[in-house]
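# Topology and contacts: notes
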Amino acid sequence: MSLTSDPPLGTTDTDTAAEAPKDAYAHLKVVPVRHPLRWVAIVVTAVLLAQFAHGLATNSGWEWAVFAEFFTADVILKAVWTTLQLTAYGTALGFALGIVIAFMRLSSSRFLRTVAFGYIWAFRSIPLIVQLLFWFNLAYLYKRLTFGIPFGPGFFSFDTMGLVGAMSAAVLGLALHQAAYAAEIVRGGVLAVDGGQLEAAAALGIPRLRQIRRIVLPQAMRSILPNAANEVISLFKGTSIVSVMAIGELFYQVQVIYGRNGRVVPLLMVATAWYILLTSALSVLQHYVERHFAKGSTR
């Protein structure tokens, strides 16, 4: 008979545990982890939200009747359309130019990299409102534009007074400003693609442009899209800054209306509701576009 408590030779702790009855721990009560602070936060947040909603519904200062009157007014709908146009033109031109600048920064040419870096540095440093006013007053600096041989004779020229109007200056300023940020977004997305794939594509003899179009950009879009969508939404809300140029976009038109009738709060709520509605639509569109380019990367 063994005088020690060691298990017999040839047995292990695993064998001993396997021989134990399955209900050996059945008498133990499993208690979930308590989160008292979480419940306190939930209650406090719910109370604050209820108070805010109650204030929106009962406070007569919001003047919901005035809000309903102007929310779908013709002048507001035209202003919304102008805002959407500014956003669409600024986004399309800005990202088209931004892609070019991004690949200039990725170029092996030091001159092209320097020019691209200088553009990005300049347009990110100068406030957007200054850029808009500069383009709006272009005729003050250059009264005529001449086309011809550089530093030589010109072939034809035209007056700049009617060339750049308020809308054209706004689109130009928004697009050039957007291009600086779009270039960095695209460059970051391209750098996120593994360089080994380009080496493999080059070894297979795939042309450089086809490498970018079929290999780099489809993968880079996964990194580009979230930041690009944020920039588009920021541009959509940032179009309100063109009100300094008396363009009839949403915020300017709201200012004009409440300047006449004195209903400041309900008219501001009209602009707020439209911004929220259209931003939500852009967010939904972003979700589906991201899901399209995420094919093959998610299960």
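Because the structure is a prediction, the values reported are computed rather than measured.

The rules behind the values
Residues numbered from 1 in each chain as written. Predicted model: local features only at pLDDT ≥ 70, side-chain atom pairs only at ≥ 80, totals over all residues. Heavy atoms only, no water. Helix = DSSP H or I, 4+ residues; strand = E, 2+ residues; numbered from the N terminus. Buried < 20%, exposed > 50% of the residue type's maximum accessible area, 1.4 Å probe, protein only. Areas by Shrake-Rupley, 256 points an atom, 1.4 Å probe, with all protein chains shown as cover. Expected span 1.5 Å × (residues − 1). Bend = angle between axes of the 7 residues up to and from the residue. Salt bridge = Lys/Arg side-chain N within 4 Å of Asp/Glu carboxyl O. Core = buried A, V, L, I, M, F, W, Y, C linked by side-chain atoms within 4.5 Å. Contact = heavy atoms within 4.5 Å. Axes fitted to C-alpha atoms, helices over the stretch in contact; angles between N-to-C directions. Parallel < 35°, antiparallel > 145°, perpendicular 65-115°, else oblique. Left-handed = near helix turned anticlockwise from the far one by under 90°. Nonpolar A, V, L, I, M, F, W, Y, C, P; charged D, E, K, R; others polar. Phe/Tyr/Trp six-rings, centres within 6.5 Å; stacked < 30°, edge-to-face > 60°. Patch = residues over 30% accessible without salt bridge, like charges linked within 9 Å, V, L, I, M, F, W, Y side chains within 5 Å.

Each helix and strand in the chain was counted, giving 12 helices and two strands. For the chain, the succession of helices and strands along the chain, N to C, is α-α-α-α-α-α-α-β-β-α-α-α-α-α. For the chain, with 299 residues in total, the buried portion stands at 29%. Carbon and sulfur atoms provide 66% of the accessible area of the chain, an area that totals close to 19,900 Å².

Here the focus is helix α8 (residues 166–191). Taking 1.5 Å per residue, 26 residues should reach 38 Å; α8 reaches 38 Å between its end C-alpha atoms and fits that length. Largest kink in α8: about 30°, centred on A179.

What follows is about the pattern of salt bridges. Note that side chains of opposite charge can pair when their charged atoms are close. All chains considered together, the criterion is met by three salt bridges. A salt bridge links R263 to E63; the nearest nitrogen and oxygen atoms lie 2.8 Å apart. Highlighted residues: R263 in the loop between α11 (250–261) and α12 (264–293) and E63 in the loop between α2 (36–58) and α3 (64–71), separated in sequence by 200 residues. Classification of E63 as partly exposed rests on a relative accessible area of 24%. Put simply, R187 and E184 hold a salt bridge, and the shortest N to O gap is 3.0 Å. Taken together, the positions of R187 and E184, both in helix α8 and three residues apart, correspond to about one turn of that helix. Take R187 and E184: they sit in the same class, and that class is buried.

In a soluble, globular protein the nonpolar side chains are often hidden away together inside. One finds I101, Y119 and V242 to be the most contacted residues of the largest nonpolar core, which totals 35 residues. Of all the elements in the fold, those that place two or more residues in this core are α4 (74–105), α5 (110–125), α6 (128–136), α8 and α10 (208–238). When residues in this core are grouped by element, the largest group, 12 residues, is from α8. Leave out the neighbours within four places in its chain, and V242 touches L86, L132, A170, L174, I247 and E249.

Between two packed helices, the angle of one axis relative to the other and the distance separating the axes together describe the packing. Remark: α4 packs on α10, axes separated minimally by 12 Å, with the N-to-C direction vectors making an angle of 140°. Of the possible angle classes, the one that applies to α4 and α10 is oblique. Where α4 crosses over α10, the two elements pack in a sense that is right-handed. Residue-level contacts link T83, L84, T87, G90, T91, F95 and F103 of α4 to I212, L217, A228, V232, L235 and F236 of α10. Residues of the contact of α4 with α10, tallied by class, amount to nine nonpolar, four polar and no charged.

Turning to the packing of aromatic side chains, a few remarks are in order. On inspection of all chains with the given rule, the structure shows seven aromatic pairs. Ring pairing ties together the aromatic residues W62, W64, F67, F71 and W274, which thus form one cluster.

Quick look at the side chain of Q178 now. Assignment of secondary structure puts Q178 in helix α8. For Q178, a relative accessible area of 3% corresponds to the buried category. Beyond its immediate stretch of four places on either side in the chain, Q178 contacts G90, G94, F95, E231, V232 and L235.

Let's shift gears to α10. The end-to-end C-alpha distance of α10, which contains 31 residues, comes to just 37 Å, noticeably less than the 45 Å that a straight helix rising 1.5 Å per residue would cover. Maximum bend of α10: about 45°, positioned at I224, with proline P226 one to four residues after it.

Among the surface-exposed residues, I126, I129, V130, L133 and V244 lie close enough to one another that they form a single nonpolar patch of about 360 Å² accessible area. With relative accessibility at 38%, the residue I126 sits in the partly exposed group.

Another aspect to go through is the environment of Q197. As for its placement among the helices and strands, Q197 is situated in helix α9 (residues 195–203). Separated by 18 residues in the primary sequence, Q197 and I215 have C-alpha atoms spaced 7.9 Å apart. Apart from the residues lying within four places of it in its own chain, the contact partners of Q197 are I215 and Q219.

The subject of this paragraph is the packing of α11 against α12. Contact geometry for α11 and α12: axes closest at 9 Å, N-to-C directions at 165°. Accordingly, the angle class assigned to the pair α11 and α12 is roughly antiparallel. In this structure, α11 meets α12 at a crossing whose hand is right-handed. Mapping the contact onto sequence places L250, F251, V254, I257, Y258 and N261 in α11 and V264, L267, L268, A271, W274 and Y275 in α12. Class assignment of the residues belonging to the contact of α11 with α12 gives a composition of 11 nonpolar, one polar and no charged.

Such coordinate-based values are descriptive only and should not be taken to indicate function.
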